[in-house]
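The chain contents come next:
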Amino acid sequence: MANDKKKIAKKDLARLLTEWGRQFALFTPSRAGDTAKMARWDGKDTSFLNWYRNTTIPAKNCFLPAVEEMFTFSRGSSGYNLKPTPAEEPGRLIFGIRPCDAKALRVLDNVFEDSYEDPYYLGRRRNTILVGLGCNNPYDSCFCTSLDSDPHDDAGLDIMLTDIGDELLIQAISEAGKKLIIKTGSLTKAGRADAARARKAREAARNKVSRRLNTSNIEKRLLDIFDDQGYWQQLARKCISCGICTLLCPTCHCFDINDEMSGGQGARCRNLDSCAFPIYTKMPMENPRAEKWRRVRNKVCHKYEFYPMLFDMIACTGCGRCIRLCPVNWDITQVIEGVPAAASG
Ligand code: SF4
Ligand code: SF4
């Protein structure tokens with residue numbers, strides 16, 4: 001099967017990106033200070049190959065931005081005039097998305113395709129080619145292998161890349177990926193030795209993911225302790241409700257919608273929200289999650305109990321961001337590992 005595969009020398013990557021950049025709005029890993037995210041390629045820089053492990057801000061932001069304008073409006077003599085926000089560019093390509101972040105998009109797909117089809121999210125999703133780059137150097141905080149995945153998992157991708165030293169091995173995964181590779185001139189044919197190098201890189205990466213999580217029977221285990229207030233209070237003690245773990249989680253998707261208006265002109269905006277915030281569920285007469293322990297319980301149970309009940313999949317990919325970025329070292333793997341065994345019967 002090695003002749004199905006292509007490759008490109010890393011030193012020639014700008015040539016490939018230029019070629020794809022002529023056909024697509026092209027996004028690559030990019031960083032400003034300590035913060036990395038997927039951003040429009042500047043037409044020359046490929047240095048991300050040297051520093052990129054994963055982005056701080058997940059690739060979900062290319063589909064569900066932290067803030068987005070849904071439409072604008074203006075007050076006229078006979079009421080309000082609405083103007084839709086211009087549609088996305090015809091085609092986008094995200095280069096280098098990590099397998100865990102591609103998996104997170106499948107978690108979001110279930111939500112945004114469910115009872116109501118969200119045109120904003122789905123418009124971008126259906127409009128985007130995903131070119132994944134397997135992780136050869138996962139973080140200590142990563143635990144994707146405990147969640148039916150792998151640092152080189154190609155599920156949900158159109159094209160998969162493997163770093164094999166001075167070159168990237170390139171393999172089509174979806175039909176769209178196949179079509180794109182066929183018409184891409186910058187690539188050369190890969191041989192058996194390249195495929196063997198890729199296999200070795202994949203095995204080595206998998207072995208580097210040392211953090212393990214036992215998720216067996218997790219829905220039932222969480223259900224059994226749901227009403228144990230003392231248990232959740234203890235777990236919530238050190239959390240400071242900053243919301244970082246949810247805003248930067250690739251699977252969290254809660255949002256608020258509000259109208260911004262000034263001088264008869266305005267816009268309806270959708271903004272990411274966090275269930276960690278004290279006012280998240282605040283209503284005029286009550287707040288059902290005013291106490292921190294209730295919010296922490298919701299965060300854990302939503303990912304490992306409620307979402308799996310609806311969609312038969314855990315809403316956590318093991319990307320480890322919430323562990324790396326929490327200012328007080330709150331660790332979801334310790335929490336899940338600490339959930340007692342389910343009562344029998
Ligand atoms: S990042 Fe840490 S402190 Fe902030 S809300 Fe999440 S668990 Fe709490
Ligand atoms: S809960 Fe944490 S480890 Fe799981 S997907 Fe979200 S940020 Fe990643």
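Residues numbered from 1 in each chain as written. Chains lettered and ligands numbered in written order. Predicted model: local features only at pLDDT ≥ 70, side-chain atom pairs only at ≥ 80, totals over all residues. Heavy atoms only, no water.

*Asks:* Would you mind going over the pairing of strand β4 (residues 67–76) in detail, with residue names and values included?
*Replies:* Relative to strand β12 (residues 265–272), β4 runs antiparallel, the two being bridged by seven bridges. Bridge pairing links E68 to R270 in β12. Between the antiparallel neighbours β4 and strand β5 (residues 79–84) lie two residues. (Pairing = 2+ DSSP bridges. Helix = DSSP H or I, 4+ residues; strand = E, 2+ residues; numbered from the N terminus.)

*Asks:* Can you break down the environment of D227 residue by residue, with the values?
*Replies:* Looking at the element boundaries, D227 is found in the loop between α7 (218–225) and α8 (229–236). It is 9.8 Å that separates the C-alpha atoms of D227 and R297, two residues lying 70 residues apart in sequence.

*Asks:* Mind laying out the sheet that holds strand β3 (residues 35–40), listing which residues take part and the relevant values?
*Replies:* Reading across the sheet, the eight strands line up as β3-β2-β6-β7-β8-β9-β1-β10 and stay open at both edges, with mixed pairing between neighbours. The open sheet has two edge strands with one neighbour each: β3 and β10 (188–189). Direction of pairing for strand β1 (residues 6–9) relative to β10: antiparallel, over a ladder of two bridges. Opposite K6, over in β10, you have K189 as the bridge partner.

*Asks:* Describe the site of ligand 2, naming the residues involved and giving the relevant values.
*Replies:* Lining the immediate surroundings of ligand 2 are F143, C249, P250, K303, C316, T317, G318, C319, G320, R321 and C322. Looking at side-chain class alone, the shell around ligand 2 contains six nonpolar, three polar and two charged residues. (Near = heavy atom within 4 Å. Nonpolar A, V, L, I, M, F, W, Y, C, P; charged D, E, K, R; others polar.)

*Asks:* Describe the sheet that holds β12, listing the residues and the values that go with them.
*Replies:* Spatially, the four strands line up as an open sheet ordered β5-β4-β12-β11, and their pairing is antiparallel. Only two strands of the sheet have a single neighbouring strand rather than two, namely β5 and β11 (255–262). Between one strand axis and the next, the sheet turns by 25° as a mean value, whatever way the strands run. Relative to β12, β11 runs antiparallel, the two being bridged by eight bridges. Residue pairing across strands places I257 opposite R270, the latter belonging to β12. (Axes fitted to C-alpha atoms, helices over the stretch in contact; angles between N-to-C directions.)

*Asks:* Before we move on, could you go through the site of ligand 1 and cite the residues and values that matter?
*Replies:* In the vicinity of ligand 1 lie 13 residues, with C239, C242, G243, C245 and C326 positioned nearest. Among the residues forming the shell around ligand 1, the class breakdown is ten nonpolar, two polar and one charged.

*Asks:* Break down the nonpolar core for me, citing the residues and quoting the values.
*Replies:* Counting residues in each nonpolar core, the largest one holds 42 residues, and the members touching the most others are W20, L93, F95 and I97. Each residue touching I97, except ones within four places of it in the same chain, is listed here: M38, Y52, A59, A102, L105, L130, V131, G132, L133 and L157. F143, Y231, I332 and V339 belong to the second-largest nonpolar core, a separate cluster that totals 27 residues. (Core = buried A, V, L, I, M, F, W, Y, C linked by side-chain atoms within 4.5 Å. Buried < 20%, exposed > 50% of the residue type's maximum accessible area, 1.4 Å probe, protein only. Contact = heavy atoms within 4.5 Å.)

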